[in-house]
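Structural characterization, general
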Amino acid sequence: MRSYSILFFLFLIGITQAQTQFKIIDDNDTKPIAFANIIFNDDVYSGTTSDIDGLFTVPSEVVRITISYVGYEALSIDLNSIPSNIIRLKQKISTLDEVVINSENPAHRIIRNAIANKAINNPEHLNSFTYTSYDKIFVDAEGLDVKQDTLNEIDDFLEQSYLFITETVAKRKYLKPKFSEDSIIATKTSGFKSPNFAFLANSIQPFSFYEDYITLFEIDYLNPISKGSTKKYKFRLQEEYLRGKDTIFAISFEPNANRHFEGLKGLIYINSNKYAVQSVDATTYNSGRITTSIQQKYQLINDEHWFPEQLNFQINIGEKAGIFKYVGKSYLSDVSLDVPLTKKDFPVLPKAIDRDAVKKDDNFWSGIRQDSLNKKEHRTYTVIDSIGDAVNFDKIATLSEHLAKGRFPFKYVDLDLTKIINYNQYEGLRLGAGFYTNDDIFKNLSIGGFAGYGLKDYEWKYGGELLIDIPSEKDITMQFKYENNLKETGRSYFNNTTKLFDARHLIAEQMDNIKAFSFKTHMKLYRNIDWTIGFNTASITPLYDYQFKNGNQIVTKYKNTEINFGVRYFVNEKLTNVFNTIARLESDDPVFNLSYSKGLSNVFDSDFDYHKIRFTMDDSFRIKGLGKTTYRIDAGYISESIPYGQLFTGEGSNDRNFPYVFQNYFQTLDPYEFLSDKYVHLFTSHNFGTLFNNKGRFTPEVILHNNIGIGNLSQADNHQQVPFLVKDKLYLETGLELRNLLKLNYLNVGYFGFGVGVFYRYGAHSLPDSNDNFAFKFASSFTFK
């Protein structure tokens, strides 16, 4: 046994001595140089490539290396003459700005081959895979615009410490087409003892470089290896070199000067083996106050499939007043392809971070890290941990969890922030408050109430409710509620929206007073499907001149009881668990919403029996080179004649006091101009992007709107004293919107954008005076460029 131990020890020493690791950096700023080409012993067939961190290893038989990288002077050097493991490359000074190519650009053939092989090289086209990732993310800053004395202190601090650092180890599994789960094995965050969040690199950048658009910060950048890209990008074959039987092509790319689209610039390395992306270094082009760079390195698994090996990103936020750097590095290991997985292996809801994941000791982290922490990273943990203890960062994280739900926590109760101040045109300004018990009293159960007073109608509104959260994989919640409140005509009791604020409420004017008892439960019925069941009984008083003819009776006040079933289907739904809150990631995939209500006559003295159905479908798609189309199909049906407030109305948004562009509403139609018990609407908008200019402060987006609707109303003479029209012929309107005509700087991070829109109604419902058919409105947005 002793002999075997000695032999094993000598073997380990031999392995250690057999390879030497070096790091290539920029001679000026000491940043690592990724994907540099290294040739061994002047043999062009033998060599390697530096990884994302500029690291590479050299076998013991190598005595001389030659290093080349685009934009840098080539370096040939004997290994025995290198004083340390750090190799510096000097940037090349070149006066050659453009090369005129009379024949076909040689880079175009390679790019076209890469495009043709995207389907077989895209790792997300594999049937399944698993891997383990180690992610490290830190935040740094430079050039902050503060007073000199303070600046000196900050500079001293930033030389020794980052502002933040976090590490995460996760196990990811994937099943085609869209099933994915990241299980957090371990996480560690400076300043936090028990973080209820974790950051992964693949949540910031795409997992691979093969989709037609690379989405970064909600902006879609045209991929240089997408169909037709040779007409939009300027490609240049910078270098090609051999690796065994394969050739690696280094190609630079940037948008053509005369093209206005969201693009990238950088270097892409194509391997002749399947013409796959071997590595890429790309930066957003003219992206404003947020510049994002991504680096990806791929390896060939089992001599068959190319798969990501390293994923890095750097996000620079700000400009003249200072830059904050958000830097992430991800290292993938233990890759397994075509793993036997089924849908049942993936949970319906993303799991919260396990308590054991935040308790890993230093021995665990030392064994999992790709490289040991440097002095600055060590100091970051030391300094920020001490600050976190003093300030209690964990409590701030809990606060964030409550704020995401519109609550501010106190001891025993939460303040409902959505009830403090509201506005609509009937009440004017509404001031109030709402309080709900929190986990300090009951776990998974909350009792609360609200009250508010309208400064225009001089009336109190109030209510109370019981909320129950049933812990399960179905995300079941139950709500019991009483309220003496207002409901806008045309609105449902069972509104499935999850928005904390809906700007459309600002122009609401036509109201019913409701004294209602209701019950509602929500659950994740199946994957991608949400299900709601509700019951409501209400005494209703219209707060406008109105009478309803119900047979031989004239009704003003009435009672209504109904039961509701609702289902929402999200195609390719992606959920995340942040701060112990399930959140749905925005996507362009279709969302279907179906709601069915049954009026129950004689139940709690209800007066009406009917069936009500409403269906919506939201979707968007891109037309390459022409922009993005978004549309909504909206349809409704009611079987019987019922009072005004329960019918369909309120689809208009042409309000003279607040002329704002509301999405999925008619822009030239007064809010309550039409009344329907059956209808079909189609709302479309096409964003052409920045047609005029995509540089500088003036970057207006051009949006074309086209909206169509038709409806009908049975027994229209049952509705008396209130004015309305019937949309029994096509309602047509079109409009042109210019967004971001004026941009206001916000904290040197982005811009609040303001724009205008003009809309015109035409066809059967056009108005006699052509000037009245126009609606002029303003629009707002937030943009990072």
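To start, this report covers the structure provided alongside it. (Residues numbered from 1 in each chain as written. Predicted model: local features only at pLDDT ≥ 70, side-chain atom pairs only at ≥ 80, totals over all residues. Heavy atoms only, no water.)

Focus on the overall build of the protein chain
Spelled out, the test is: Secondary structure elements follow DSSP: runs of H or I of four or more residues count as helices, runs of E of two or more count as strands, with numbering from the N terminus. When a residue's accessible area, from a 1.4 Å probe over protein chains only, is under 20% of the maximum for its type it is buried; when over 50% it is exposed; and in between it is partly exposed. Only heavy atoms matter for contacts: two residues are in contact if any of them lie within 4.5 Å across the pair.
Of regular secondary structure, the protein chain possesses 7 helices and 42 strands. With the principal axes as the frame, the protein chain shows a C-alpha extent of 105 × 65 × 60 Å. Counting every position in the protein chain, which comprises 785 residues, the buried fraction comes to 45%. Sequence separation of 24 or more characterises 61% of the internal contacts of the protein chain that already satisfy a separation of 6 or more.

Some details on the sheet that holds strand 3 (residues 43-49)
This is how it is decided: Paired strands, in this sense, are two strands between which DSSP finds at least two bridges. Fitted lines through C-alpha atoms give the axes, limited to the stretch in contact for helices. The angle between two N-to-C directions lies from 0 to 180 degrees.
Pairing within the open sheet is antiparallel, and its 4 strands lie in the order 3-2-5-6. At either end of the open sheet lies a strand with only one pairing partner, and these are strand 3 and strand 6 (75-78). Across the sheet, the mean angle separating the axes of adjacent strands is 30° when strand polarity is ignored. As paired elements, strand 5 (residues 64-68) and strand 6 share 4 bridges and run antiparallel to each other. Among the inter-strand pairings, Ile 67 is bridged to a residue of strand 6, identified as Leu 75.

Thoughts on the side chain of Lys 487
To keep things clear, this is the line we draw: Positive charge is attributed to Lys and Arg, negative charge to Asp and Glu, and no charge count is given to His or to the chain ends. What makes a salt bridge here is a side-chain nitrogen of Lys or Arg within 4 Å of a carboxyl oxygen of Asp or Glu, nothing more. Polar contact criterion, stated in full: a pair of N or O atoms within 3.5 Å, where within protein one must be able to donate a hydrogen and the other to accept it, and residues adjacent in sequence count only if both atoms are side-chain atoms.
Structurally, Lys 487 can be placed in strand 26 (residues 476-488). One buried charged side chain, Lys 487, makes no salt bridge at all; its nearest oppositely charged neighbour is Asp 512, positioned 4.7 Å away. At 2.8 Å, the side chain of Lys 487 and the backbone oxygen of Arg 491 are in polar contact.

As for helix 2 (residues 106-116)
The condition is simple: Comment: arc refers to directions from the helix axis out to C-beta atoms.
Those residues of helix 2 that fall on the buried side of the exposure criterion are Ala 107, His 108, Ile 110, Ile 111 and Ala 114. Mapping the buried residues of helix 2 onto a view down its axis gives an arc of 165°, with all of them on the same face. Close packing links the buried residues of helix 2 with helix 3 (118-121), strand 13 (233-243), strand 14 (246-255) and strand 15 (264-271). Where helix 2 begins, the capping side chain belongs to Asn 105, and its oxygen is found 2.9 Å from the backbone nitrogen of Ala 107.

Considerations on the environment of Ser 50
Counting through the fold element by element, Ser 50 comes out in the loop between strand 3 and strand 4 (55-59). Filtering out sequence-adjacent residues up to four positions away, Ser 50 remains in contact with Ile 24, Ile 33, Ala 34, Phe 35, Ala 36, Ile 38, Leu 55, Phe 56 and Lys 297. Separated by 3.0 Å, the side chain of Ser 50 and the backbone nitrogen of Phe 35 make a polar contact.

Overview of the nonpolar core
Note the threshold: Joining through side-chain atoms within 4.5 Å is the link that ties buried Ala, Val, Leu, Ile, Met, Phe, Trp, Tyr and Cys residues into a set, and such a set is a nonpolar core.
In this structure, Phe 209, Ile 225, Ile 251, Leu 264, Ile 268 and Val 277 are the most contacted members of the largest nonpolar core, which totals 38 residues. Listed in part, the 26 residues of the second largest apolar core include Val 62, Tyr 69, Ala 250 and Leu 267.

Let's talk about the pattern of salt bridges
Enumeration over the complete set of coordinates arrives at 34 salt bridges. Among the salt bridges present, the one from Asp 416 reaches Lys 419, with a minimum N-O distance of 3.2 Å. According to the relative accessible area criterion, Lys 419 is partly exposed, its value standing at 25%. Among the ionic pairs, Lys 628 bridges to Asp 588, the shortest N-O distance being 2.8 Å. Taken together, the residues Lys 628 in strand 36 (residues 627-638) and Asp 588 in the loop between strand 33 (581-584) and strand 34 (591-599) connect sequence positions 40 residues apart. Since its relative accessible area comes to 22%, Lys 628 is described here as partly exposed. Overall, Asp 588 belongs to the partly exposed group, its relative accessible area being 33%. Here the residues in one salt-bridge network are Glu 427, Arg 430, Asp 457 and Lys 461, joined through shared partners.

Some points on the environment of Asp 385
Tracing the chain through its elements places Asp 385 in helix 6 (residues 375-391). A C-alpha to C-alpha distance of 53 Å links Asp 385 and Ile 563, two positions 178 residues apart in sequence. With residues near it in sequence (within four places) discarded, Asp 385 still touches Thr 189, Ser 190, Gly 191, Phe 192 and Thr 380.

A word on the sheet that holds strand 10 (residues 179-189)
Taken in spatial order, the 10 strands of this open sheet run 10-9-8-19-18-17-16-15-14-13, and their pairing is antiparallel. With partners counted over all chains shown, the strands left at the sheet margins are strand 10 and strand 13, one partner each. Between one strand axis and the next, the sheet turns through 15° on average, direction left out of account. Sitting on the sheet, helix 2 touches strand 13, strand 14 and strand 15, and the angle it makes with strand 13 is about 80°.

Re the side chain of His 681
Note on placement: His 681 falls in strand 37 (residues 678-689). On the basis of relative accessibility, which here comes to 4%, the residue His 681 falls in the buried class. When residues no more than four places from it in sequence are discounted, the contact partners of His 681 are Arg 632, Ile 633, Asp 634, Glu 651, Phe 666, Ile 708, Gly 709, Ile 710 and Lys 727.

Examining the packing of aromatic side chains
Two aromatic rings, taken as a pair, are described by how far apart their centres are and by the angle between their planes. As a reminder, the rule being used: Stacked, tilted and edge-to-face are the three classes applied to pairs of Phe, Tyr and Trp rings, where Trp contributes its six-membered ring and a pair requires centres within 6.5 Å; stacked means planes under 30 degrees apart, edge-to-face means over 60, and tilted covers the rest. Whether a charge sits over a ring comes down to the Lys NZ or Arg CZ being within 6 Å of the ring centre and within 35 degrees of the ring normal.
Enumeration according to the criterion identifies 47 aromatic pairs in this entry. When the centroid spacing of 5.7 Å and the interplanar angle of 80° are considered together, the rings of Tyr 558 and Phe 608 count as edge-to-face. Separated by 50 residues along the polypeptide, Tyr 558 in strand 31 (residues 558-570) and Phe 608 in the loop between strand 34 and strand 35 (610-623) bring together distant segments of the chain. For Tyr 558, a relative accessible area of 4% puts it in the buried group. Under the relative-accessibility criterion, Phe 608 is labelled buried at 4%. For the ring pair Phe 666 and Phe 683, a centre distance of 4.9 Å and an interplane angle of 55° mean the geometry is tilted. In this pair, Phe 666 sits in the loop between strand 36 and strand 37 while Phe 683 sits in strand 37, placing the two residues 17 residues apart along the sequence. Chaining the aromatic ring pairs together yields one cluster made of Phe 129, Tyr 131, Tyr 174, Phe 207 and Phe 307. Over the aromatic face of Phe 346 sits the side chain of Lys 173, whose NZ or CZ is 5.4 Å from the ring centroid. A cation over a ring is seen here: Lys 360 above Phe 364, with NZ or CZ 5.4 Å from the ring centre.

Here we look at a nonpolar patch on the surface
To keep it simple, the criterion reads: Patch construction takes residues with relative accessible area above 30% that form no salt bridge. Like charges are linked within 9 Å, and nonpolar side chains (Val, Leu, Ile, Met, Phe, Trp, Tyr) are linked within 5 Å. Where accessible areas are quoted, they stem from the Shrake-Rupley method and a 1.4 Å probe; at the residue level, only the protein chains shown are allowed to cover.
A contiguous nonpolar patch, built from Leu 403, Phe 408, Phe 410, Leu 417, Ile 420, Ile 421, Tyr 423, Leu 429, Leu 431 and Leu 455 and spanning about 810 Å² of accessible area, is present on the exposed surface. Looking at the nonpolar patch, the elements that each hand over two or more residues are strand 22 (421-424) and strand 23 (428-437). A residue is classified by how much of its surface remains accessible, and Leu 417, at 35% relative accessible area, is partly exposed.

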